[in-house]
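If you want the building blocks of each chain, they are given just below.
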Amino acid sequence: MKKGLNKGVVFAVVFISVFVMCLALIIYMLNMSNTLREFKVDLFVLCNEADVCVAESSEGTFRINSDNLNAINLIISSTTGSITKGEPAILDEIDLNFTHDGEEWDMIIGDVGDNRMLVELTGPRHYKVYLKENHKYAELLKCVSAKGYHEANKPFNVNK
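Thresholds applied
- Once a new chain begins, its residue numbering starts again from 1 and follows that chain's sequence as written.
- Totals for whole chains, interfaces and linings use all residues, but because this is a predicted model, local features are given only for residues with pLDDT of at least 70 and pairs of side-chain atoms are given and counted only at 80 or more.
- Derived side-chain values reflect all non-hydrogen atoms in the structure, with water molecules and hydrogen atoms excluded from consideration.
- Numbering of helices and strands runs from the N terminus; a helix is a DSSP stretch of H or I covering at least four residues, while a strand is a stretch of E covering at least two.
- Between the two quantities, the radius of gyration covers C-alpha atoms and the globule rule is 2.2 Å times the number of residues to the power 0.38.
- Partly exposed residues are those whose accessible area sits between 20% and 50% of the maximum for their type, while under 20% is buried and over 50% is exposed, using a 1.4 Å probe and protein chains only.
- By definition, residues are in contact when any of their heavy atoms lie within 4.5 Å.
- Values of accessible area rely on a 1.4 Å probe in the Shrake-Rupley scheme; residue burial ignores everything except the protein chains shown.
- Neither His nor the chain termini are counted; the positive set is Lys and Arg, and the negative set is Asp and Glu.
- A charged residue contributes its charge at one atom only: NZ of Lys, CZ of Arg, CG of Asp or CD of Glu.
- Note that patches include only residues with greater than 30% relative accessible area and no salt bridge, and the join distances are 9 Å for like charges and 5 Å for nonpolar side chains (Val, Leu, Ile, Met, Phe, Trp, Tyr).
- A pairing counts as a salt bridge when a side-chain nitrogen of Lys or Arg comes within 4 Å of a carboxyl oxygen of Asp or Glu.
- The definition of a nonpolar core used throughout is a set of buried Ala, Val, Leu, Ile, Met, Phe, Trp, Tyr and Cys residues joined through side-chain atoms within 4.5 Å.
- To estimate how far a helix should reach, multiply one less than its number of residues by 1.5 Å.
- Both cavities and pockets are sets of points on a 1 Å grid over the protein atoms alone; in a cavity a 1.4 Å probe fits but cannot get out, in a pocket the set is open with protein on both sides within 12 Å along at least five of seven lines, and lining residues sit with an atom within 4 Å of a point.
- Grid points are joined across faces, edges and corners, and a volume is the space filled by probe spheres set on the points.
- The residue classification treats Ala, Val, Leu, Ile, Met, Phe, Trp, Tyr, Cys and Pro as nonpolar and Asp, Glu, Lys and Arg as charged. All others, Gly included, are polar.

## Describing the overall build of the protein chain
Line of reasoning, step 1. Each helix and strand in the protein chain was counted, giving 3 helices and 7 strands.
Line of reasoning, step 2. Listing each helix as α and each strand as β along the protein chain from the N terminus yields α-β-β-α-β-β-β-β-α-β.
Line of reasoning, step 3. For 160 residues, the compact-globule estimate of 2.2 N^0.38 gives 15 Å, and the protein chain exceeds it by more than 25% at 22 Å.
Line of reasoning, step 4. In terms of principal-axis extent, the alpha carbons of the protein chain reach across some 90 × 35 × 25 Å.
Line of reasoning, step 5. With 160 residues in all, the protein chain has 34% of them scored as buried.
Line of reasoning, step 6. For the protein chain, the proportion of contacts with a sequence separation of at least 24, taken over those separated by at least 6, is 56%.
Line of reasoning, step 7. Element-wise, carbon and sulfur atoms account for 59% of the exposed surface of the protein chain, whose accessible area totals about 10400 Å².
Line of reasoning, step 8. Placing the 16 positive and 21 negative side-chain charges of the protein chain at their respective mean positions leaves the two points 14 Å apart.

## Focus: a nonpolar patch on the surface
Line of reasoning, step 1. Residues Phe11, Phe15, Ile16, Phe19, Val20, Leu23 and Ile27 make up a contiguous nonpolar surface patch of roughly 760 Å² in combined accessible area.
Line of reasoning, step 2. Positionally, Phe15 belongs in helix H1 (residues 7–49).
Line of reasoning, step 3. The class for Phe15 is exposed, based on a relative accessible area of 52%.

## Looking at the nonpolar core
Line of reasoning, step 1. Grouped together as the largest cluster of nonpolar side chains are 30 residues, with contacts concentrated most on Ile72, Ile76, Leu96, Phe98, Met107 and Ile109.
Line of reasoning, step 2. Counting residues per element, the ones that place at least two in this core are H1, strand S1 (52–57), helix H2 (66–77), strand S3 (92–100), strand S4 (103–113), strand S5 (116–122), strand S6 (126–132) and helix H3 (136–143).
Line of reasoning, step 3. Among the elements that take part in this core, H2 stands out by supplying 5 residues, more than any other.

## Some details on H1
Line of reasoning, step 1. Along its 43 residues, H1 runs 62 Å from first to last C-alpha, staying within 8% of the 63 Å computed at 1.5 Å per residue.
Line of reasoning, step 2. Among the residues making up H1, those that are buried are Phe39, Asp42, Leu43, Leu46 and Cys47.
Line of reasoning, step 3. Buried residues in H1 make contact with H2, S3, S4, S5 and S6.

## Some words on the layout of surface pockets
Line of reasoning, step 1. Looking at the largest pocket, its volume works out to about 530 Å³.
Line of reasoning, step 2. In terms of lining residues, the largest pocket is bounded by 21 residues, among which Met32, Leu36, Ser82, Val129 and Tyr130 are the most central.
Line of reasoning, step 3. Put simply, the parts of the chain that give the lining of the largest pocket at least two residues each are H1, H2 and S6.
Line of reasoning, step 4. Here the lining of the largest pocket takes 7 residues from H1, the largest share from any one element.
Line of reasoning, step 5. Considering only residue class, the lining of the largest pocket consists of 11 nonpolar, 8 polar and 2 charged.

These values are about where atoms sit, not about what they do.
This is the structure in structure tokens:
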């Protein structure tokens, strides 16, 4: 007599497998949510309380005015994330260097095409976030330009 596979055991294995995968997905989502919260807090603190912010763009090197820093924070915070596979090539980038409480931070904002932009914040902690671009990159370029978004930025002379 041939013994068949017990349907109860098969159901239990499938149920436990699905439960473990759902649990892993929930843990991953909670971890990502915590990382994004930390990124937003660090970005807010840097844009509102940084001692010095120097930006390098295609126009040159400028010391960013505090009103323009607030605009950078608001522009980045106003967009949503973008799921990105792999590491797309950066077409154009803005490099911001912050000094806050003796810590050095570097933020690279890059246009990666396909309506996406990269925001990489490196300092005591490291974050790499892809966002929907939605013409925000042009506004960010204006923030770090000589004219500025709200007020003019001062040219930064490294030799001083």
